[in-house]
Every structure is written in structure tokens, then in C-alpha cells.
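Next come the chains, spelled out residue by residue.
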Amino acid sequence: DGMLGARNTIALSATLALCLVMVQFGVVRRSPWSAPVRVAVPVTIALAPVALWAYRGRLGVWVIFVGLAANLCVIIANGGLMPMERSTLVSALGAEHADAYVTGAWISGSKDVLVERGSGRMLALGDRIIVRVGGGGFVASPGDLVIWSGLLILAAEASIAWQRASRKATRIEGVADTRPAEGGATTQT
């Protein structure tokens, strides 16, 4: 019964985290105004640790928390949006496409506000890292990179836990352990 309760808590936690991501992306992509984005982005980021709390025993989740905190700080400092310098936008899109966006305004369909060099707050934590993928790409923040690192660590932790549980179940069921013993012979457990 305790194991079932733990599994339900973890499933609920994962579902809540996924719902937060979906709400944030839905609001960011569909909102015609910046006000809903300015509310949804910081609120969903602030609630993410609550959603992930069931996984707090994993190092990867704590790394994710650090990245979320960095993103939340810079977003709150810039009125609910992530700052992106015009020079970053020009590097990412090219000058002629970047000219379509107004400095100081929300970039529609994103969580970003376009700023000139030095005019935003905490710009070092803003969207400034261009990630090229195929013929396109996107712009990320240092916090995003930390979050992705945490996800990789969490995936590795989950893989290791799954492998250990699988080996333990094999030993409990009395299935042959085919690891070579000293001298090269296999052993039975």
C-alpha cells in the first residue's frame, strides 16, 4: 500500500509538471497580449518545484531547481518576461528579420522582451545563448542550460535506478545470474 501511494504521488507530480509546461507554452504561443504571458511565465516557473517535489531525492531535480530559480529571478526583474538583447536577436534571425521587432516590447509568441544592451535587468541571465539546430535554432538562457543539464542527470539517475531494480528483481526471482565469477565461470544465485 505504501509503494502504491508513492507511485501515485510520483505520477501526480509528473502530471502536474507536464500540465505546467503545457499551460506556459499555450499561453505564450496563443496570447495576443503580453499581460497573460507576464503572469503565466513566472507563476508556472514558481510552481514547478512544487510539482517536482516528489522527486527531491534526485540530484537532477535540485539542478533543475537552480536553473528555474535563475530564470525566475531574471523574469521577475524584467516585469514577467525574459530579456533578450537586440544583438542576440540579430545574431539569431539576421538584421532584416530582427528589425520587425520593437525594442522594449514583448516578442509575440515568446516569453521574451526585446532590450538594448544594458537596458534590461540581470541581462547575463537572460536569453542570450544561440543554439543552432539543423537549419534553424533558438535562443536560451544560462538557466535553461542548467535545467537541461538537470534533465540529463535525472534521466541518468532514472536509468540507473531502473537497471538496479531490474537486477534486484532478477535475483529475487531466482533467475540465473550470468556474471562471470573469478576464473571466468558463471554463477547461479
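Conventions adopted
- Residues numbered from 1 in each chain as written.
- Predicted model: local features only at pLDDT ≥ 70, side-chain atom pairs only at ≥ 80, totals over all residues.
- Heavy atoms only, no water.
- Core = buried A, V, L, I, M, F, W, Y, C linked by side-chain atoms within 4.5 Å.
- Buried < 20%, exposed > 50% of the residue type's maximum accessible area, 1.4 Å probe, protein only.
- Helix = DSSP H or I, 4+ residues; strand = E, 2+ residues; numbered from the N terminus.
- Contact = heavy atoms within 4.5 Å.
- Salt bridge = Lys/Arg side-chain N within 4 Å of Asp/Glu carboxyl O.
- Phe/Tyr/Trp six-rings, centres within 6.5 Å; stacked < 30°, edge-to-face > 60°.

K.L.:
How should I be thinking about the nonpolar core in this particular structure?
P.N.:
A general feature of soluble globular proteins is that nonpolar side chains tend to end up buried together. Counting 23 residues, the largest nonpolar core has Val37, Val41, Ile45, Leu52, Leu68 and Ile75 as its most contacted members. For this core, the secondary structure elements donating two or more residues are helix H1 (2-30), helix H2 (34-52), helix H3 (59-77) and strand E2 (112-115). Per-element tally for this core: the top contributor is H3, with seven residues. Not counting residues up to four positions away in its chain, the partners in contact with Leu52 are Ser13, Ala17, Val61, Ile64 and Phe65. By size, the runner-up hydrophobic cluster in this structure holds six residues, among which are Met84, Leu89, Leu114 and Val139.

K.L.:
What exactly am I supposed to notice about the pattern of salt bridges here?
P.N.:
Side chains that differ in sign of charge can pair as their charged atoms come close. Taken as a whole and judged by the stated rule, the model has three salt bridges. In this structure, Asp127 engages Lys111 in a salt bridge whose closest nitrogen and oxygen atoms are separated by 3.1 Å. Note that Asp127 is positioned in the loop between E2 and strand E3 (129-133) and Lys111 in the loop between helix H5 (95-98) and E2, a separation of 16 residues in sequence. Grouping residues by exposure puts Asp127 and Lys111 together as buried.

K.L.:
Teacher, can you tell me more about the packing of aromatic side chains here?
P.N.:
Centre-to-centre distance and the angle between the planes together describe a pair of aromatic rings. Counted under the stated rule, the structure contains four aromatic pairs. With a centroid separation of 5.8 Å and an interplanar angle of 75°, the aromatic rings of Trp53 and Trp62 are classed as edge-to-face. Classification of Trp53 as partly exposed rests on a relative accessible area of 41%. Residue Trp62 is classed as partly exposed on the basis of its relative accessible area, which comes to 40%. Each ring, one from Trp62 and one from Phe65, has its centre 5.0 Å from the other, and the planes form 80°; the classification is edge-to-face. Here Trp62 pairs with Phe65, and both are found in helix H3, just three residues apart, close to one helical turn. Within the aromatic cluster, the residues linked to one another by ring pairs are Trp53, Trp62 and Phe65.

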